[in-house]
Each structure stands twice: as structure tokens, then as C-alpha cells.
Amino acid sequence: MSGQDVNLVLRSTRVVTPEGTRPGSVAVAGGTIDAVLPYDADVPASARLEDFGDDVLLPGLVDTHVHVNDPGRTEWEGFWTATRAAAAGGITTLLDMPLNSLPPTTTVENLRTKQGVAGPKAHVDTGFWGGAIPSNVKDLRPLYEAGVFGFKCFLSPSGVEEFPELDQEQLARSMAEIAGFGGLLIVHAEDPHHLADAPQRPGPAYADFLASRPRDAENTAIEGLIAHARRLNARVHVLHLSSSDALPLIAAAKREGVRVTVESCPHFLTLTAEEVPDGATEFKCCPPIREAANQDALWAGLADGTIDCVVSDHSPCTTDLKTSDFASAWGGISSLQLGLPAIWTEARRRGHSLDDVVRWMSAAPAELAGLTRKGAIEAGRDADFAVLAPEATFTVDPAELFHRNQVTAYAGKTLHGVVRSSWLRGVRIALDGELAEPTGRLLERDR
């Protein structure tokens, strides 16, 4: 320990590090982790000691898939409310998606507008994805140079008219442009032709909605995406995988050296089609929550590394848009504050450890986005932490959630894992559900 520079030491009998979980003391200097030391290491006279006992010290989670919708649709969500929910849930870094805000993040000017809104409101560190739409190929490189972490596109309608999907020719053109400067393309992969051919039956029946978003739509889109990535030597990322049928295709592409990564989400890994009540459109998302057997296969893909990371796809809306008709209701699940306990509850049941959860929800998303100072408790990283009581349980009460519209598919569920506190660069930003004033920074991609 360098001693004179260390101003904070965090101690726990269970510290999750890249080398495993062990008793330890984490020395912090100037907002950066100075050293990870033995549990009983001497504390410098100049440092404050925070001893968490048997509560687990984790690296702060990194959520690379959040729809904040601010500015423009702030009645749906906003940077103030979303980042408070993140902090309360142990997330210390998030990346905002380029759509559902007005304007969308498809030009440098629009990025600057969004940054100006986010800056004073961010309780956690916040970065931005750019968007790839048919009309903005010329804007992709300037956006990248302005600091976005990569580019999102849709292969089927996005649900908002200002963010149109790419056809296969436009996808190839955008992917080639992004590959030319070494960027990352992240893709909502559902094939529009399969969706158009699927039965469309409006109403409250979840089975009808599930039939309208078949697995083949995902599988075909992912197959085409891999083919483009192979041909262009491009780096691509599959968003919110829900069809386990695509896993063998993805695993084969990875073995071949195609530069493809994949995420899934808490709702696909913890909720099942069989449990969705008719009319309960708080469970609606696209692609959809599928059957329990499909979920088992997704967990197998997570365990063997075919799926790289788990992120929220927090996509909220106002309560009135969650009508009882699955065809017309807004598709999106609000889970920002609940992702860690939801995944931990299911992971522990399936024999996984908190080391696994940290890899999926902190280290891997940080690596995906190139956030080299995030995602691990080790010297040189930002002193971002979550303190978790993993054996404690709570029952989800929507009224206690911080996101703007308190609708959630997890209402009434009892979950393991209570987030006691969150820390950002050595400063406690949340404690037992009480939030500090915002100190988050706006992040740009490491150049």
C-alpha cells in the first residue's frame, strides 16, 4: 500500500476479484483502486476504513444496454431517474441506447444534445451508443471520433419512426464503413420477413404474441449477420438473444474466428412464457420471453461462454402504453434496479457463483465496450463497487423502484441479493436505498 495517497480502505471477508473471491482489503487513492491487499492489512492513518463484514464486495456492474429516452420522451424515463435506479441496483456504469430519445443519437449534433441533458443528471458514469440508420452512413465516422462506443442498428422495425431499420444492403454498407475504422456494430437481430409471415392475432393472449415473434426470425437474422461479419472481418454483437436455437450457429462462428459476441438479459434468463398471465404486457419485449426449455439452453450457453454477457435492455414507457393487448402494447421490460438480484437468484439455484455473475454483468460488458477502467477489482481500475448481501431476500415492490414509471415484470417476486451500497470512484453514491447527489461522469470511448 502506497500509504500517503490512500484515503479509503474497503474491507470484506468476500471480495470478488479476477482471481476469485477471497477475504481482502481494497485500498483506494484518488478514486482509483491502489491495491488489493490481505484482509488484515494495516490501514494508513490518513485512510478511512469501511468494513462490510460478510457482505460481498463486487466491482460495480456495467450495463451496456439501457434506453434512457432523454430528451424527447422523458415521460418514459430520464437520466435522473434511470441513473438513480442503476445506482440503487449496484450498476455504476451504463451505456445509453441511441433510440427512443428525440433526437436519436445518429449525428454528432444529436449526441451533443443528449450529453448536454445527461451531464447534470447522471448518478453513475454514462456513455453513449451511436445509431446506424439508412440515411447516416456519412455520420458514422464523425460519431465514432466524437466518442460513441459503437453503433446500434435494427434489422426489423424499431417501433419508432425516427429510427428506421436497415435492409441487407444497407446493413452491409454500414458494417463495412464501421469495420473500416475498427468500430463495433450492435444489432437487434430479427428478420422482418419471418415476422411478416408469422401469425398476427391481436389480444391479451401471450401465446398469440409469442407466435408472432418466432425463433426463426432471430435465427435467420443472426445467420445473415454472421455471414456479413465473416466476409467483412467486422466486429458485431448480437443484442438480447432470446432464441437458444441460434447458440450452435454462434458457437461455430466463434470457433471459426468470426468476431461475434452475444448478450442475453435477465428477463430471458429468469422469466418464462409459461408464467406470463394473459394481458400482462409488463412482460412484453421483442424478441419475446420464451419457454422454460429454451431458458435452460440459454443458461447452458452462458455457462459455456457462447453468451458473453448479461445486460438489462431496460426499455420503459408510460403506464398507459402497457395496454392489455400484446399486439399494440409497448414492448420493453423495466429491470435496471433488479438485474443483479434477479440473475443472482436464478444463478445460485443453478449452481453458479457470484464470480460467474460478476463476469457476466461487469467484466464482460466492460470488455465489450472497451471500458478498460471498469469491470474488475484490481489495481489501476476505477474504485467502483457494489456491496451485496447475497443471502438476504426481498420481495419486489414497484413503489420502491427508482425508474420513472413503476411498472415491472418482477412485481411480487422474492429475490435473493440485497444491494447495501454502491460506490463510484471511491465515493458512496447509494446506501440502503438512499441516493447521493449526482456525481456521474460522461464517458467517451478510449481512443
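The residue count restarts for each chain, going from 1 along the sequence in the order it is written. Thresholds applied to this predicted model are a pLDDT of at least 70 for local features of residues and 80 or more for the giving and counting of side-chain atom pairs; totals over whole chains, interfaces and linings are not thresholded and use all residues. Heavy atoms throughout the structure, all of them, feed into the side-chain values; hydrogens and water do not.

(A) Representation of the pattern of salt bridges in the model. Here a salt bridge means any side-chain nitrogen of Lys or Arg lying within 4 Å of a carboxyl oxygen belonging to Asp or Glu. Within this structure, the stated rule accounts for 28 salt bridges. The residue Arg420 makes a salt bridge to Asp55 at a minimum N-O spacing of 3.8 Å. In this pair, Arg420 sits in strand 16 (residues 414-424) while Asp55 sits in the loop between strand 4 (48-51) and strand 5 (56-59), placing the two residues 365 residues apart along the sequence. Relative accessibility thresholds used throughout: buried, under 20% of the residue-type maximum; exposed, over 50%; partly exposed, between the two (1.4 Å probe, protein chains only). The class of Asp55 is partly exposed, set by a relative accessible area of 22%. Between Asp296 and Arg350 there is a salt bridge, with its nearest N and O atoms 2.8 Å apart. One end of the pair, Asp296, is in helix 10 (residues 292-303); the other, Arg350, is in the loop between helix 11 (339-349) and helix 12 (354-369), and 54 residues separate them in sequence. With relative accessibility at 42%, the residue Asp296 sits in the partly exposed group. The exposure class assigned to Arg350 is partly exposed, which follows from its relative accessible area of 26%. By sharing partners, the salt bridges in this structure join Asp125, Arg373, Lys374, Asp382, Asp384 and Arg425 into a single network. Strands are runs of DSSP state E lasting at least 2 residues, helices are runs of H or I lasting at least 4, and numbering of each runs from the N terminus.

(B) Up close: helix 7 (residues 215-232). For a helix, the expected span equals 1.5 Å multiplied by the residue count minus one. Spanning 18 residues, helix 7 covers 26 Å between terminal C-alpha atoms, matching the ideal 26 Å at 1.5 Å per step. Every buried residue of helix 7 is accounted for by Ala217, Glu218, Asn219, Ala221, Ile222, Gly224, Leu225, Ile226, His228 and Ala229. The criterion used for residue contact is that any of the two residues' heavy atoms lie within 4.5 Å. Contacts from the buried residues of helix 7 go to helix 4 (168-180), strand 11 (184-188), helix 5 (192-197), strand 12 (235-238) and helix 8 (247-256). Two residues or fewer after helix 7 comes Asn233, characterised by a positive phi angle close to 50°.

(C) Structural context of unusual backbone geometry. Residue Pro71 is reached from Asp70 by a cis peptide bond, and omega for that bond is 0°. Relative to the assigned elements, Pro71 resides in the loop between strand 6 (61-66) and helix 1 (79-88). Residue Leu102 is joined to Pro103 through a cis peptide bond whose omega torsion reads 10°. Positionally, Pro103 belongs in the loop between strand 7 (91-96) and helix 2 (108-118).

(D) Quick look at the environment of Val28. Mapped onto the secondary structure, Val28 falls in strand 2 (residues 20-29). Exposure remark for Val28: the relative accessible area of 2% places this residue in the buried category. Sequence spacing of Val28 and Ala430 is 402 residues, and the spatial spacing of their C-alpha atoms is 18 Å. Those residues in contact with Val28 that sit more than four places away from it in its chain are Asp5, Val6, Asn7, Leu8, Asp34, Ala383, Phe385 and Gly426.

(E) Fine view of helix 12. Given a rise of 1.5 Å per residue, 16 residues ought to cover 22 Å, and the 22 Å separating the end C-alpha atoms of helix 12 matches this to within 8%. The largest bend in helix 12 comes to about 35°, at Trp360. Across the 16 residues that make up helix 12, a large majority, 12, are buried. Restricting attention to buried positions, one finds in helix 12 the residues Leu354, Asp356, Val357, Val358, Trp360, Met361, Ser362, Ala364, Pro365, Ala366, Leu368 and Ala369. Under the rule applied, a polar contact is a pair of N or O atoms within 3.5 Å (in protein, one hydrogen donor and one hydrogen acceptor; residues adjacent in sequence only if both atoms are side-chain atoms). Structurally, the start of helix 12 carries an N-cap: the backbone nitrogen of Asp355 is 3.3 Å from a side-chain oxygen of Ser353. Bend is computed residue by residue as the angle between axes fitted to the seven residues ending at the residue and the seven residues starting at it.

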